Amino acid sequence: MNWGSLFLRIRSYISARCHLAVFALIILLCMEVLNRRGWSAVLNWGGQISAWTLNLIMVGAVLLLLTAVIGRTKWAVWITFGLFSLLGLISGVKAKTLGVPLLPWDFVLSGETGAMVQYLNNIMTISLAISLAGFLVLMGWLVHKVHWMKLRWAWKERTLLGAAGLLLLAMIGLGKPVSLPDLFEINQITWDQSQNVETNGLALTFVLNTKLYAHEKPAQYDQSAVEALTKGEPANGPSGQSGVKPNIIVVLSESFWDPTQLPGVTFSRDPIPTFHELARNYSSGWMLSPQFGGGTANVEFEVLTGNSMRFLPQGSIPYNQYINRDVDSLAGILGRQGYVTAAINPYHSWFFNSKNVYKRFGFGKFISMEFMEQDYEGPYIADREVARNIIEQSESEPGPHFIFANTMENHFHYLPGKFKENTIKVEGGVSEDVRGQLETLAQGLTGADRMLKQLVDYYTESKEPTILVFFGDHLPSLGDDYKSYREAGYLLPDDSDTLNKLFRVPVVVWDNYRKAPRQDIGISPSFLGPLVLEKAELPGSYYTDFLAKLSKRVPVIPPAGSYAGMNIDPESLKDYETLQYDVLFGEQYAYGPLKDRITSPGFVLGKGKPRIDSVVGSTFPAAVTAAAGIGTDEGGGGIKAGAAGPSADKPLSGPEQSAGTEDGTGDGNSSEGTAVVRNEGAAGSPGNWYTVNGQFFPPQSKVYLDGKPQETRWTDSGELQFKAGDKAMKAGEMQVRIIDSKDQIVAISNTWKLAGGLKFASGDE
C-alpha cells in the first residue's frame with residue numbers, strides 16, 4: 001500500500017469538504033449577530049471558547065444532517081442558514097421586546113412567538129440590516145464559487161454524514177454516548193435565561209433547555225379522576241369560621257437564615273433578635289426549601305400556588321417555563337373574597353418573568369423597583385423601603401389586603417465591602433475570607449430583622465386585624481463547596497444530614513388579633529398557603545383543601561431520593577402530582593368555570609395607572625419653584641394649562657382620561673390644551689420649566705414630548721417638573737413614561753394633547 005498516496009487522497013477529500021465547517025461558522029455568526037443585536041456583543045462573547053465550539057458543532061451537525069437528507073449541499077446550506085438566522089432574529093426581537101430570549105417552550109405559548117414579527121423595527125437597525133445583507137452576499141458568493149456545492153452526494157457518503165450529524169446532536173442534547181456539555185464544562189444558568197444565552201450561545205442553550213420542559217402525563221389522569229380528587233368538605237368549613245377578614249402579609253426575605261446555628265463561630269450581637277423573640281411566642285419553625293443559594297422564584301411558586309418543585313425537572317424555573325396560562329394562587333383565592341391583592345418586589349419587573357406571572361396568578365397590582373424610591377442598602381434596594389411600600393399599600397385603599405413581598409438587601413454576594421459598614425463582628429477559628437462573608441451576611445440579616453420589627457411595630461398599633469408571615473427562601477451561598485459552613489463546623493465531612501442542614505429555612509407567623517396557642521411548624525413551602533388560610537379561618541379552594549389534608553399526613557416532601565429515609569410512600573403523592581399536572585399542563589378540569597375568573601381585570605403595574613391632570617408653566621427651575629410656589633395654582637408666577645389659546649385662565653381638565661391598558665403600559669385617551677407661562681409677579685425672564693400634576697408618578701417617571709424624553713425631576717407621586725428644550729416647545733403631545741433597565745416601557749400615562757405647543761406669554765396676555 002502506498003501510504004503517501006493514501007494520505008494525499010484523504011487530505012484531498014477533507015479539504016474538498018472543509019467548506020461545510022466554513023459555512024457552519026458563517027451561519028453561527030449570523031445567528032448570534034441577530035440574536036445579540038450587533039457585532040459588539042458577539043465579540044464580547046468571543047472569550048467563551050467552549051460555548052463557541054459547542055455552538056459551532058451544533059450548527060455543523062444540523063448542516064450534516066440536512067445534507068444527508070437532501071443530498072445537495074447547496075440547498076442544505078441555504079435551509080440551515082435560513083433556520084438559524086430566523087431563530088436568531090426571533091430571539092433578538094423577543095429579548096428586546098420582552099426581556100427574555102427565545103426558549104423552547106415559546107413554541108407552545110399562545111401566539112407569543114409569532115407576534116414577535118410586528119416588533120422587527122425594534123431591532124432592525126441600519127447596521128444590523130447591513131450585517132444581514134453582508135452575510136447573504138457572502139453566502140451567495142461562496143455557494144457560487146465552491147464547486148462541490150453543485151454535486152450530488154452518493155448514498156454511502158450521505159449515510160455517513162447523517163450518522164455523524166445525529167451522533168453529534170445526541171452527545172449535545174441527550175448526553176449519550178458522551179456528554180459534550182459536561183466534557184466542555186458548560187454550566188446552565190437556568191435562573192436567568194438572558195444570561196444563559198449570553199454566556200452559552202443561543203443554539204446550545206436552546207437545546208439544553210429542552211431537557212427542562214419534559215413532563216409526562218400521569219397514568220391515571222382524566223376528567224373523572226380529577227373530579228374524584230376534588231370532592232369533599234372544605235378544610236376550613238364552607239365560609240370560614242370567625243367572620244373576620246384580616247390583612248394577610250407574606251414576606252419572602254431573601255436568604256434569611258439563622259447564622260447563630262453555626263457552632264464554630266460567635267457573633268458580637270444577635271443579628272436577628274426580633275425574629276428570635278417572635279419565634280418564641282408565635283407559631284414558627286422551618287420549611288424544607290427546594291433551593292439552596294438561589295432560585296427564589298421556585299420557592300415563591302410553591303408558596304403562592306401550592307404546586308411542588310418535586311414533580312418538575314430539576315433545574316427548571318416554572319415562572320420562565322410553565323406559567324403560560326392562568327394559575328390560581330393565594331392572590332386569586334383571596335381576591336375572589338374581596339381582598340385587595342398586590343405583589344411587591346424591589347427588583348426589575350422583567351426578572352423571572354414576574355410582571356406576567358403575577359398577572360396570571362390573579363394579583364391586582366405589581367409594584368416592582370421601577371415604582372419605588374431608590375433607597376439602597378449596598379447594591380440592592382433596602383428592606384426598609386419594601387416595608388414602607390407594604391405599609392403604604394395597606395393604607396392606600398379600604399381592605400382587607402393580601403400583600404406578597406420579596407426583599408433583596410440580603411441577596412448574594414457576601415464579600416466585605418458590600419455594605420458601608422459591618423456592625424457585627426464574628427469570632428472563631430475560621431479564615432479571614434469566611435469571617436468577612438459571615439460578617440457581611442450578619443449585616444444583611446440585620447436589615448431583614450429590622451424590617452420585620454418595622455412591620456410588627458406598625459401593625460401592632462393598627463386597628464385592622466393583620467397576619468404577618470415572614471420566612472426565608474433558601475440558605476445563603478457562602479463560598480465554593482459550602483466553605484463557610486464547613487469551616488464553621490456546621491457541615492461535616494461526608495455529612496449525612498445535608499438535606500436538613502442546607503435546605504431548612506426559618507418561618508414565623510405573627511398576628512395582632514388572635515390569641516391562638518403557639519404551633520411548631522415543619523412543612524414544605526407548598527403547604528404554607530393552606531396553613532395561612534387555616535390561621536386566618538378563611539375558605540380556600542379545592543386545591544388548598546386537598547393540600548391541607550395531605551400536609552397532615554405528609555408535611556414535608558423531600559427530593560425523591562429521600563422518600564425512603566423519611567418513610568414516604570411515593571404512591572401517597574400520586575394524587576398531588578395528578579392535580580398539579582392538571583393545573584400546569586393538563587386541561588384544568590378541576591378549575592371548571594373558575595378558569596376564566598383567575599386574572600384580575602384591573603391588573604396594573606405600579607401603585608396605580610399614571611395620569612396627567614394638568615400642566616403648569618413656571619419661570620424657574622424645580623428647586624426654586626418648589627420653594628416659592630411658582631408654577632402652581634397658588635404661585636404668582638405660573639399659570640394653568642387651559643383650553644387652546646393664549647388667554648386661557650382655567651386649568652385644563654379635559655374629558656375623562658384613561659391611563660392606558662389594564663397593565664398600565666398602553667396608550668390612553670387624550671386631552672387637549674396649551675401650556676402657557678405668564679410672568680405676573682415673577683422676577684426674571686421666562687424660563688422653560690413646567691410642572692405636571694397628576695397621580696401615581698413613581699420616582700423613575702420621565703416626561704416625553706412627541707416621544708422624546710425631557711429632563712425630569714420627581715417631586716412626589718402627584719407632581720413632576722420637566723425642562724423643555726427649544727425644539728420641544730412646539731410639541732403636540734405629552735406623556736409620562738416609566739422605563740425599565742431594558743429600555744422597555746412598563747407604564748405610561750394618558751396622552752396630553754398640546755394643541756398650541758408649549759408657548760410663553762407675558763404680562764396680561
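Residues numbered from 1 in each chain as written. Predicted model: local features only at pLDDT ≥ 70, side-chain atom pairs only at ≥ 80, totals over all residues. Heavy atoms only, no water.

Peer 1: Kindly report on the side chain of Arg36, identifying the contributing residues and their values.
Peer 2: Positionally, Arg36 belongs in helix H2 (residues 19-36). Take Arg36: its relative accessible area is 12%, and that puts it in the buried class. From its side chain, Arg36 meets the backbone oxygen of Val197 in a polar contact 3.2 Å long. Reaching out from Arg36, the side chain makes a polar contact with the backbone oxygen of Glu198 at a distance of 3.0 Å. Residues within four places of Arg36 in sequence aside, it is in contact with Ala41, Val42, Trp45, Val197, Glu198 and Gly201. (Helix = DSSP H or I, 4+ residues; strand = E, 2+ residues; numbered from the N terminus. Buried < 20%, exposed > 50% of the residue type's maximum accessible area, 1.4 Å probe, protein only. Polar contact = N/O pair within 3.5 Å; in protein donor to acceptor, adjacent residues only side chain to side chain. Contact = heavy atoms within 4.5 Å.)

Peer 1: Please give an account of the pattern of salt bridges that cites residues and values.
Peer 2: Across all of its chains, the model carries 21 salt bridges by this definition. Glu373 is the partner of Arg388 in a salt bridge, and the nearest nitrogen-oxygen pair spans 3.7 Å. Of the two residues, Arg388 is situated in helix H17 (residues 383-396) and Glu373 in the loop between strand S5 (365-367) and strand S6 (376-377); the sequence distance between them amounts to 15 residues. We note a salt bridge from Lys753 to Glu733, for which the minimum N-O separation is 2.1 Å. Of this pair, Lys753 sits in strand S23 (residues 751-760) while Glu733 sits in strand S21 (residues 733-739), and the two are 20 residues apart along the sequence. Bridged by salt links that share partners, the residues Glu373, Glu385, Arg388, Glu392 and Lys607 form one connected network. (Salt bridge = Lys/Arg side-chain N within 4 Å of Asp/Glu carboxyl O.)

Peer 1: Quick rundown of the packing of aromatic side chains? Include the residues and the values.
Peer 2: A ring pair, where both rings are aromatic, is described by two values, the distance of the centres and the angle of the planes. Tallied over the entire structure, the rule returns 33 aromatic pairs. Centroid distance Phe292 to Tyr482: 5.2 Å. Interplanar angle 70 degrees. Geometry classified as edge-to-face. Of this pair, Phe292 sits in the loop between strand S3 (283-288) and helix H13 (296-305) while Tyr482 sits in the loop between strand S10 (466-472) and helix H19 (483-487), and the two are 190 residues apart along the sequence. With a relative accessible area of 29%, Tyr482 lands in the partly exposed category. Three or more aromatic residues link up through ring pairs in this structure, and these residues are Phe311, Phe527, Tyr542, Tyr543, Phe546, Tyr576 and Tyr591. A cation sits over an aromatic face here: Arg504 above Trp286, 3.6 Å from the ring centre. (Phe/Tyr/Trp six-rings, centres within 6.5 Å; stacked < 30°, edge-to-face > 60°. Lys NZ or Arg CZ within 6 Å of the ring centre and 35° of its normal.)

Peer 1: Tell me what's going on with helix H9 (residues 193-200), and back it up with residues and numbers.
Peer 2: Those residues of H9 lying buried are Gln193, Asn196, Val197, Thr199 and Asn200. Those residues of H9 hidden inside the fold are in contact with H2, helix H4 (49-70), helix H10 (202-209) and helix H14 (318-321). At the C-terminal side of H9, Gly201 shows a positive phi close to 90 degrees.

Peer 1: Let's hear about helix H22 (residues 542-553): which residues, and what values?
Peer 2: Across its 12 residues, H22 extends 17 Å between first and last C-alpha, which sits within 8% of the 16 Å expected from 1.5 Å per residue. All of the buried residues in H22 are Tyr542, Tyr543, Thr544, Asp545, Phe546, Leu547, Ala548, Leu550 and Ser551. Next to the buried residues of H22 lie helix H11 (223-229), H13, helix H15 (330-335), helix H21 (528-536) and helix H23 (574-584). (Expected span 1.5 Å × (residues − 1).)

Peer 1: Break down the sheet that holds strand S12 (residues 520-523) for me, with residues and values.
Peer 2: An order of S12-S3-S11-S10-S1-S8-S4-S5-S13 is seen for the nine strands of this open sheet, with the pairing classed as mixed. For this open sheet the edge positions go to S12 and strand S13 (604-605), each flanked by a neighbour on one side alone. The sheet strands contacting helix H16 (residues 354-361) are strand S4 (340-344), S5, strand S8 (401-406) and S13, and the helix crosses S5 at an angle near 150 degrees. (Pairing = 2+ DSSP bridges. Axes fitted to C-alpha atoms, helices over the stretch in contact; angles between N-to-C directions.)

Peer 1: Could you give me a rundown of empty space enclosed by the protein, with the residues and numbers involved?
Peer 2: Enumeration according to the criterion identifies three cavities of 30 Å³ or more in this entry. Of the voids in this model, the largest cavity is the one considered here, and its volume is about 110 Å³. Surrounding the largest cavity, 18 residues form its lining, Thr305, Asp328, Ile333, Tyr543 and Thr544 being those nearest its centre. Elements that contribute at least two residues to the lining of the largest cavity include exactly H13, H15, H21 and H22. (1 Å grid on protein atoms, 1.4 Å probe; cavity = no way out; pocket = protein on both sides within 12 Å on 5 of 7 lines; lining within 4 Å. Points joined across faces, edges and corners; volume = space filled by probe spheres on them.)

Peer 1: Outline the nonpolar core, supporting the account with residue identities and numerical values.
Peer 2: Counting residues in hydrophobic clusters, the biggest one holds 123 residues, and the most contacted among them are Tyr319, Ile390, Phe402, Phe471 and Leu528. Sort the elements by how many residues they give to this core and helix H18 (residues 432-461) lands first, with 11 residues. Here Leu528 is in contact with Met287, Val303, Val469, Phe471, Val507 and Ile523, once residues within four sequence places are set aside. Core analysis: the second largest hydrophobic core is formed by 48 residues, Val59, Ile90, Leu102 and Met139 among them. (Core = buried A, V, L, I, M, F, W, Y, C linked by side-chain atoms within 4.5 Å.)

Peer 1: Pulling in residues and values, what's your account of the confidence of the model for the protein?
Peer 2: Averaged over every residue, the pLDDT of the protein is 83; the share at 70 or more is 81%. Low pLDDT (under 50) marks residues 619-687, which in the prediction has 181 contacts with non-local residues, meaning those over four places away or in another chain. Low pLDDT (under 50) marks residues 760-765, which in the prediction has 19 contacts with non-local residues, meaning those over four places away or in another chain. (pLDDT = per-residue confidence, 0-100.)

Peer 1: Describe unusual backbone geometry, listing the residues and the values that go with them.
Peer 2: That bond from Lys176 to Pro177 is cis: its omega, -5 degrees, falls within 30 degrees of zero. With respect to the secondary-structure elements, Pro177 resides in the loop between helix H7 (155-173) and helix H8 (180-183). The linkage connecting Phe412 with the following residue, His413, adopts the cis geometry, with an omega of 20 degrees. As for its placement among the helices and strands, His413 is situated in the loop between S8 and strand S9 (426-428). A positive phi angle is found at Phe696, which is not glycine, with a value near 60 degrees.

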